[in-house]
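# Breakdown of the fold
One-letter residues, chain by chain:
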Amino acid sequence: MDYKFPVTRTTHPKARPEDESKLGFARYFTDHMFVMDWDEGLGWHDGRVVPHEPILIEPASCVLHYAQMMFEGMKAYRTPEGEILLFRPDMNAKRMARTCERMCMPELPEDLFLAAIKAVVTEDADWIPTSPGTALYIRPFMFGDEVSFSVLPAKHYRFLIILSPTGSYYAANDGGLHATRIYVQDKYIRAAKGGTGYAKVGGNYGGGMRASQDAMKYDCKDVLWLDAAEHKYVEEIGTSNAFFVFKDEVVTAPLDSGTILPGITRDSVIQLLRSWGVKVSERKLSIDDVIEGSKTGDLKEIFASGTAAVISPIGTLNVQGTDYVVSGGKVGELSQKLYDNLYGMQTGTVPDTMGWTYKLGLTVK
Ligand code: COI
């Protein structure tokens, strides 16, 4: 379907961030956002691009009490020629559909989702940063805002897309890669079988904050979650999926337990590594084997993967106060190669051999 959305341009354009190399993650927001409503019996209606500004919400809206919400994370990039690219946006649409099904929220057709992204990114395309390591972070989200305290799916929803020129989540402010310290969480859990671990919902992250705050006491940026049943197998990192590079195998947690977020970067890393002839296993890996590998040197690298995190190397795991160093605490070779290739494809400086980039059909000089 050919969707057309009315656009109301802001009358108060914001000042642009002064130094693109010091953007941090989602600290600035662009001039416009996309908004659309869903009502029972009517479906999605009134999609529009409007100035980015605070929204009104009734205090009795069910999302504020029972958290019926979901979000996605994706990025837009500007190539050296000024062309605007998205990265595998169909995967976001498909993951969103799975999340909405889990949360009893209305389905958003893939073509409508893409048209909405396109409409708002087009308005703010000149906000897409070009300094090394930066991109325009796209945050689509949906919430139920029926005025109701019944613990039932809402009868009215809002869908918004907001945009933020951003650096990568764990990066230092120089656009380069740096190895991060991560705390291995042994007290709290993120997701159990049958829960919402595979869905992109705020509750998964809100529930993780106690753990990541505790991790900071050990000078760690985030946590590596272990499985809920045995506290034994590595699952994912606070904001991203986790990969463990052994001598002859790269390992990441399997998706079949339903406790792991099916990251689009995770899938891209697996496919890229396999295309380079690297053995990748989606299998259970115990924290004991990780520690042993760090002691013997068989574990060569650890890295996080995600839209926000991109590829974030991990140089140290802290387990109950003890540091286990990997890759000499530095950025590993494979992490760097993956970062260079993925970010290169995304920004159009490395040929996209996988057919992953999606041209918005728009050029900004
Ligand atoms: C993303 O990578 O897009 C995410 O949603 C992670 C976020 C929790 C920082």
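Everything quoted here is computed from the prediction, not taken from an experiment.

### Quick word on a nonpolar patch on the surface
- Residues Tyr66, Phe149 and Val151 make up a contiguous nonpolar surface patch of about 340 Å² in total accessible area.
- As for its placement among the helices and strands, tyrosine 66 is situated in helix α1 (residues 63–66).
- Accessibility expressed as a relative area gives 38% for tyrosine 66, which makes it partly exposed.

### Looking at the pairing of strand β15 (residues 310–319)
- The buried fraction of β15 is high, at ten of ten residues.
- Inspection of the sheet shows strand β14 (residues 299–306) paired to β15 by five bridges, in the antiparallel sense. Bridge pairing in β15 links glycine 306 to valine 310.
- Between the antiparallel neighbours β14 and β15 lie three residues.
- In the sheet, β15 pairs with strand β16 (residues 322–325) via four bridges, with the strands oriented antiparallel. Its bridge partner lying in β16, valine 319 is registered against threonine 322.
- Once β15 ends, the chain turns through two residues before running back antiparallel as β16, passing glutamine 320 with a positive phi of about 50°.

### Remarks on empty space enclosed by the protein
- This structure, assessed with the given rule, holds three cavities of 30 Å³ or more.
- When its volume is computed, the largest cavity comes out at roughly 120 Å³.
- Around the largest cavity, the lining comprises 13 residues; the ones closest to its centre are Tyr77, Phe87, Thr265, Thr307 and Gln346.
- The leading source of residues in the lining of the largest cavity is strand β4 (residues 74–78), at three residues.
- Broken down by class, the residue content of the lining of the largest cavity amounts to six nonpolar, six polar and one charged.
- Shared between two domains, the lining of the largest cavity takes at least three residues from each, and those domains are domain 1 (20–171 + 356–363) and domain 2 (180–330).
- Quantified by volume, the second largest cavity comes out at close to 40 Å³.
- Lining the second largest cavity are Ser168, Tyr170, Ala171, Gly176, Leu177, His178, Thr180, Ile311, Ser312 and Pro313.
- Sort the elements by how many residues they give to the lining of the second largest cavity and β15 lands first, with three residues.
- Here the residues of the lining of the second largest cavity sort into five nonpolar, five polar and no charged.

### Some details on the domain arrangement of the protein chain
- When the domains of the protein chain are assigned, the result is domain 1 (20–171 + 356–363) and domain 2 (180–330).
- Of note, the centres of domain 1 and domain 2, computed from C-alpha atoms alone, are 26 Å apart.
- Between domain 1 and domain 2, the contact holds 23 residues from the first and 28 residues from the second.
- In this structure, aspartate 267 engages arginine 88 in a salt bridge whose closest nitrogen and oxygen atoms are separated by 2.9 Å.
- At the junction of domain 1 with domain 2, the criterion picks out 13 residue pairs in polar contact (both at pLDDT 80 or more).
- Residue assignment for the side of domain 1 that touches domain 2 shows that the elements contributing at least two residues are β3 (69–71), β4 and α2 (89–102).
- Ranked by the residues each element gives to the side of domain 1 that touches domain 2, the list is headed by α2, at seven residues.
- When the residues that make up the side of domain 1 that touches domain 2 are grouped by side-chain class, the tally is twelve nonpolar, four polar and seven charged.

Conventions adopted
- Residues numbered from 1 in each chain as written.
- Predicted model: local features only at pLDDT ≥ 70, side-chain atom pairs only at ≥ 80, totals over all residues.
- Heavy atoms only, no water.
- Patch = residues over 30% accessible without salt bridge, like charges linked within 9 Å, V, L, I, M, F, W, Y side chains within 5 Å.
- Areas by Shrake-Rupley, 256 points an atom, 1.4 Å probe, with all protein chains shown as cover.
- Salt bridge = Lys/Arg side-chain N within 4 Å of Asp/Glu carboxyl O.
- Helix = DSSP H or I, 4+ residues; strand = E, 2+ residues; numbered from the N terminus.
- Buried < 20%, exposed > 50% of the residue type's maximum accessible area, 1.4 Å probe, protein only.
- Pairing = 2+ DSSP bridges.
- 1 Å grid on protein atoms, 1.4 Å probe; cavity = no way out; pocket = protein on both sides within 12 Å on 5 of 7 lines; lining within 4 Å.
- Points joined across faces, edges and corners; volume = space filled by probe spheres on them.
- Nonpolar A, V, L, I, M, F, W, Y, C, P; charged D, E, K, R; others polar.
- Domains from an automatic or database assignment.
- Contact = heavy atoms within 4.5 Å.
- Polar contact = N/O pair within 3.5 Å; in protein donor to acceptor, adjacent residues only side chain to side chain.

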